[in-house]
Amino acid sequence: MKIYSRITGTGSFLPPRRLTNAELVAELAGQGIETNEEWIVERTGIRARHFAADGVCSSDLALEASRNALQAAGVDAKEIDLIIVGTSTPDMVFPSTACILQGKLGNQGAPAFDVQAVCSGFIYALTVADAMIRSGAAKKALVVGAEVFSRILDFKDRTTCVLFGDGAGAVVLEASKTPGILATDLHADGKYTDILCVPGHVSGGQVLGDPLLRMDGQAVFKLAVGVLDEAARAVLAKAGLVAADVDWLIPHQANIRIMQSAARKLKLPMDKVIVTVDQHGNTSAASVPLALDAGVRSGRVLPGQTLMLEAVGGGFTWGAVLLKL
Ligand code: UT7
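Here the structure is a predicted model, which is why all the values come from computation and not from measurement.

### As for the overall build of the chain
Argument step 1. Tallying secondary structure elements over the chain gives ten helices and 15 strands in all.
Argument step 2. Here the C-alpha radius of gyration of the chain, 18 Å, is about what a compact globule of 325 residues would show, namely 20 Å.
Argument step 3. With respect to the principal axes defined by its C-alpha atoms, the chain has extents near 65 × 45 × 40 Å.
Argument step 4. Here the chain holds 325 residues, and the buried ones make up 54% of them.
Argument step 5. A total accessible area of about 13,400 Å² is found for the chain, and carbon and sulfur atoms account for 55% of it.
Argument step 6. Mean positive and mean negative side-chain charge positions of the chain (30 and 33 charges, respectively) differ by 6 Å.

Shown next as structure tokens:
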């Protein structure tokens, strides 16, 4: 009998410290950095973001989001037989944030590893978990996106520091007789490494090179709009569906203008798009599962509906997952 994978629970977590644009603008002004609320809202749609307290790591945010997802699925952490965390801000160089999360959850024995695909991290992680479940290698997976991007922001660079926030989202993905995940599509193009990167690295006990996020925003914007549409059309074609069959578009929450463009190209109205970028900015790999959980918990995203998840990020990486909830 054919095995599929299906999301049985979603969860998310935002650290308590919330900074509105006005608060961030005032903090930056104190450091001589000029920006303003109007620019941030008009160019990005962001109104607030959450920053983790000192000492709080991706695994801490992942733990809260995972507990929420496990509770929603009615699954005990000990039953989980696969843990994948999408993150580009791991707690340590090694071990993986997935292993640290596993220890905090009290799970033993399940394979646990990180996927590093920056803002596409959750889409990559979900695709890998789906493949492992369909192959019979796992039955109950915990798939997480967790980030503390505040740790890699240059608060002297107004073109990036106003865009990002911290958070985590998680899903429980279980083997099922009925689909679930209908189609997935992943891509990368390594010739674009320079347009979005943290170029530094650890060597000989020191951080060498620039350890902060650098982005050519316009180049990323242009690429993002094109590849998101390609990925969305690819999963629709693979599943034999059309855009009108999609109940909810849940895109990476980087910039409202990119999301509007993605919806426009698919001829989907904005009231079929889950938007959370206004509340938490760009949380990289956490953004899609955060938005999914917000949709579910607000009662808009319902069992049986068809969802298009899509993301794009550093690498350059991009992809989409089409699924029935
Ligand atoms: O998560 C991975 C994917 N990442 C993304 O999807 C990000 C994609 N890129 C973007 O979202 C947009 O390119 C940005 C939001 C980053 C920038 O928006 P933009 O409309 O492309 O602005 P721009 O870079 O063309 O800058 C326009 C102006 C510049 O001033 P001049 O040269 O026209 O005088 C900037 O210096 O806006 C200025 N500017 C700011 N002004 C006030 C840039 N940042 C700020 C700021 N406050 N924070």
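### Brief notes about the domain arrangement of the chain
Argument step 1. Split into domains, the chain comes out as domain 1 (4–178) and domain 2 (182–324).
Argument step 2. Each of domain 1 and domain 2 was reduced to a C-alpha centroid, and the two centroids are 14 Å apart.
Argument step 3. Taken together, the contact pairs 52 residues of domain 1 with 46 residues of domain 2.
Argument step 4. Together, the buried faces of domain 1 and domain 2 total about 3,600 Å²; carbon and sulfur atoms form 62% of this surface.
Argument step 5. It is Cys119, Ile123 and Tyr124 in domain 1 that bury the most area against domain 2; as a group they hold 17% of the surface buried on that side.
Argument step 6. Here domain 1 and domain 2 share two salt bridges between them.
Argument step 7. Our count for the contact surface shared by domain 1 and domain 2 stands at 24 residue pairs in polar contact (both at pLDDT 80 or more).
Argument step 8. At the level of secondary structure, the elements contributing two or more residues to the side of domain 1 that touches domain 2 comprise β1 (4–13), α2 (37–44), β3 (48–50), α3 (58–73), α5 (121–134), β6 (140–148) and β7 (166–176).
Argument step 9. Here the side of domain 1 that touches domain 2 is built from residues that sort into 23 nonpolar, 17 polar and twelve charged.

Calculation rules
- Residues numbered from 1 in each chain as written.
- Predicted model: local features only at pLDDT ≥ 70, side-chain atom pairs only at ≥ 80, totals over all residues.
- Heavy atoms only, no water.
- Helix = DSSP H or I, 4+ residues; strand = E, 2+ residues; numbered from the N terminus.
- Rg over C-alpha atoms; globule rule 2.2 N^0.38 Å.
- Buried < 20%, exposed > 50% of the residue type's maximum accessible area, 1.4 Å probe, protein only.
- Areas by Shrake-Rupley, 256 points an atom, 1.4 Å probe, with all protein chains shown as cover.
- Lys, Arg positive; Asp, Glu negative; His and termini not counted.
- Charge placed at Lys NZ, Arg CZ, Asp CG, Glu CD.
- Domains from an automatic or database assignment.
- Contact = heavy atoms within 4.5 Å.
- Buried area = accessible area lost by both parts, 1.4 Å probe.
- Salt bridge = Lys/Arg side-chain N within 4 Å of Asp/Glu carboxyl O.
- Polar contact = N/O pair within 3.5 Å; in protein donor to acceptor, adjacent residues only side chain to side chain.
- Nonpolar A, V, L, I, M, F, W, Y, C, P; charged D, E, K, R; others polar.

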